[in-house]
Amino acid sequence: MSINCQYLLQTHAPAWAQATVHPFLEGCKAGTIEPAQFNTWLVQDYLFVKDFTRMAGRLLAAAPDAHMDTLLGGLGALKDELLWFQDKAAERTLDLSQPRQRTCQQYCEFMTSLVTTAYPVQAMAFWAIEYAYNLGWQQPGPMADPYTEFADRWGNPGFSDYVDLLARQADAALETASADVQSQAEAAFLRVADLEQSFWQMAFNAS
Ligand code: HMH
C-alpha cells in the first residue's frame, strides 16, 4: 500500500488544520484585518507565486506525458495570477520590488530544493501548496469586500476541480514509488504544512 493525499490529510490532520486555519483568514472574513497585515501578505505572496511558478515549470519538466495537460493549464492560470497580483498591488500603490521576508525566503528555498527529488515528491508538494489555499480561503465562509475576490480566486469551483486533478496525479505517481520516495513525500507534505502556517503568521505579525 502506498501513501496518498487522503492518507496524509488524515494522518496529519492537526498539522494541516494549522496550515489552513489562521486568524489572518478570520480577520479577512470579519473585515478586521489591518491594511499593513493584508498588504504584507499581498506583496510577499506575489514574491512567493513567482517562485511557485518556477517550481511548476520544474514539475512539468519531470512529469509523465499523461500529466502534462493539467500542468500546462496550471501554468496558464499562474500567468494570469501574476498579472492579477500586479493589478492588486497597483490599486493599493504597493511596491512589489521589496525583499522577501524570512519565511517567504525559506518557503522559496524549500520549493527550489525539490528539484533534486523524484517526481512523486514534487507532485505531492505541488498539490499540497495549492490545496492549502483552496481550503484556507474557503473555510471561513463568504468574505466581505474587498476580500471576496481573494477568497474566490482560490476557493472557486474550477480551482477546486484543478486541485482534485493534482491530487489524483500525485496519488498515481506515488502508487509505484519506492518506500524511500514515499517517506520523502510525507516529509514534504509536513514541511508545506509548517511553512503555510508560518506564512500566515508572518503577514499577521506585520504592523
Ligand atoms: C503561501 N501558499 C502560499 N501562497 C499561495 N499563493 C499558495 C499557497 C497557492 O498558490
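Everything in this summary refers to the structure shown in the same document.

**Quick look at the overall build of the protein chain**
Summing up its helical and strand segments, the protein chain has 10 helices and 0 strands in all. Taken from N to C terminus, the helices and strands of the protein chain fall in the order α-α-α-α-α-α-α-α-α-α. The C-alpha radius of gyration computed for the protein chain amounts to 16 Å, which stays within 12% of the reference 17 Å derived for 207 residues, consistent with globular compactness. A buried classification covers 53% of the 207 residues belonging to the protein chain. Total accessible area on the protein chain stands at roughly 9,500 Å², and carbon and sulfur atoms take up 53% of it.

**Some thoughts on the nonpolar core**
Counting 77 residues, the largest nonpolar core has Trp16, Trp41, Trp127 and Trp137 as its most contacted members. Dropping the residues within four chain positions of it, tryptophan 16 is found in contact with Leu9, Ala128, Tyr131, Ala132, Leu135, Phe189 and Ala193.

**Overview of the environment of proline 23**
By the secondary structure assignment, proline 23 is in helix H3 (residues 23-30). The class for proline 23 is partly exposed, based on a relative accessible area of 45%. With 181 residues separating them in the primary sequence, proline 23 and phenylalanine 204 have C-alpha atoms 7.7 Å apart.

**Considering the packing of helix H6 (residues 102-113) against helix H10 (residues 179-204)**
Interhelical geometry of H6 versus H10 gives an angle of 160° and a closest axis separation of 9 Å. Put simply, H6 runs roughly antiparallel to H10. Read as a crossing pair, H6 and H10 show a hand that is left-handed. Contacts between H6 and H10 involve Thr103, Cys104, Gln106, Tyr107 and Phe110 on the former and, on the latter, Ala188, Arg191, Val192, Leu195, Glu196, Ser198, Phe199 and Met202. Looking at side-chain class alone, the contact of H6 with H10 contains 8 nonpolar, 3 polar and 2 charged residues.

**What about the packing of aromatic side chains?**
Within the structure shown, the criterion is met by 31 aromatic pairs. Between phenylalanine 48 and phenylalanine 199, the ring centres sit 5.8 Å apart and the planes meet at 65°, which makes this aromatic pair edge-to-face. With phenylalanine 48 in helix H4 (residues 35-62) and phenylalanine 199 in helix H10, the pair connects residues that are 151 residues apart, well separated along the chain. Look at phenylalanine 48 and you get buried, because its relative accessible area is 6%. Taken together, Phe24, Phe38, Trp41, Tyr46, Trp84, Phe85, Tyr133, Trp137, Tyr147, Phe150, Trp154 and Trp200 form an aromatic cluster joined through their ring pairs.

**Quick word on the environment of glycine 74**
When you line up the elements, glycine 74 lands in helix H5 (residues 68-91). Expressed as a C-alpha distance, the spacing of glycine 74 and serine 207, which sit 133 residues apart in the sequence, is 34 Å.

**Details of the site of the ligand**
Neighbouring residues of the ligand: Asp45, Phe48, Val49, Ile129, Glu130, Tyr133, Trp154, Glu196 and Phe199. Here a nitrogen atom of the ligand and a side-chain polar atom of aspartate 45 are 2.6 Å apart. Contacts to the ligand include tyrosine 133, whose side-chain N or O atom sits 3.3 Å from a nitrogen atom. Here the ligand has 290 Å² of accessible area as a free molecule, and 100% of this is covered by the chains. Mapped onto the shell around the ligand, the elements with two or more residues apiece are H4, helix H7 (119-136) and H10.

**What about H3?**
Those residues of H3 not exposed but buried are Phe24, Leu25, Gly27 and Cys28. Along the long axis of H3, the arc covered by the buried residues comes to 155°, so they all point the same way. Each element contacted by the buried residues of H3 is listed here: helix H2 (13-20), H4, H7 and H10. Phi turns positive, to about 75°, at glycine 31, one or two residues after H3.

**A short note on the side chain of threonine 40**
Counting through the fold element by element, threonine 40 comes out in helix H4. For threonine 40, a relative accessible area of 16% translates into the label buried. Discounting chain neighbours no more than four positions away, the residues touching threonine 40 are Gln101, Ala203 and Ala206.

Conventions we followed
- Residues numbered from 1 in each chain as written.
- Predicted model: local features only at pLDDT ≥ 70, side-chain atom pairs only at ≥ 80, totals over all residues.
- Heavy atoms only, no water.
- Helix = DSSP H or I, 4+ residues; strand = E, 2+ residues; numbered from the N terminus.
- Rg over C-alpha atoms; globule rule 2.2 N^0.38 Å.
- Buried < 20%, exposed > 50% of the residue type's maximum accessible area, 1.4 Å probe, protein only.
- Areas by Shrake-Rupley, 256 points an atom, 1.4 Å probe, with all protein chains shown as cover.
- Core = buried A, V, L, I, M, F, W, Y, C linked by side-chain atoms within 4.5 Å.
- Contact = heavy atoms within 4.5 Å.
- Axes fitted to C-alpha atoms, helices over the stretch in contact; angles between N-to-C directions.
- Parallel < 35°, antiparallel > 145°, perpendicular 65-115°, else oblique.
- Left-handed = near helix turned anticlockwise from the far one by under 90°.
- Nonpolar A, V, L, I, M, F, W, Y, C, P; charged D, E, K, R; others polar.
- Phe/Tyr/Trp six-rings, centres within 6.5 Å; stacked < 30°, edge-to-face > 60°.
- Near = heavy atom within 4 Å.
- Polar contact = N/O pair within 3.5 Å; in protein donor to acceptor, adjacent residues only side chain to side chain.
- Arc of directions from axis to C-beta.

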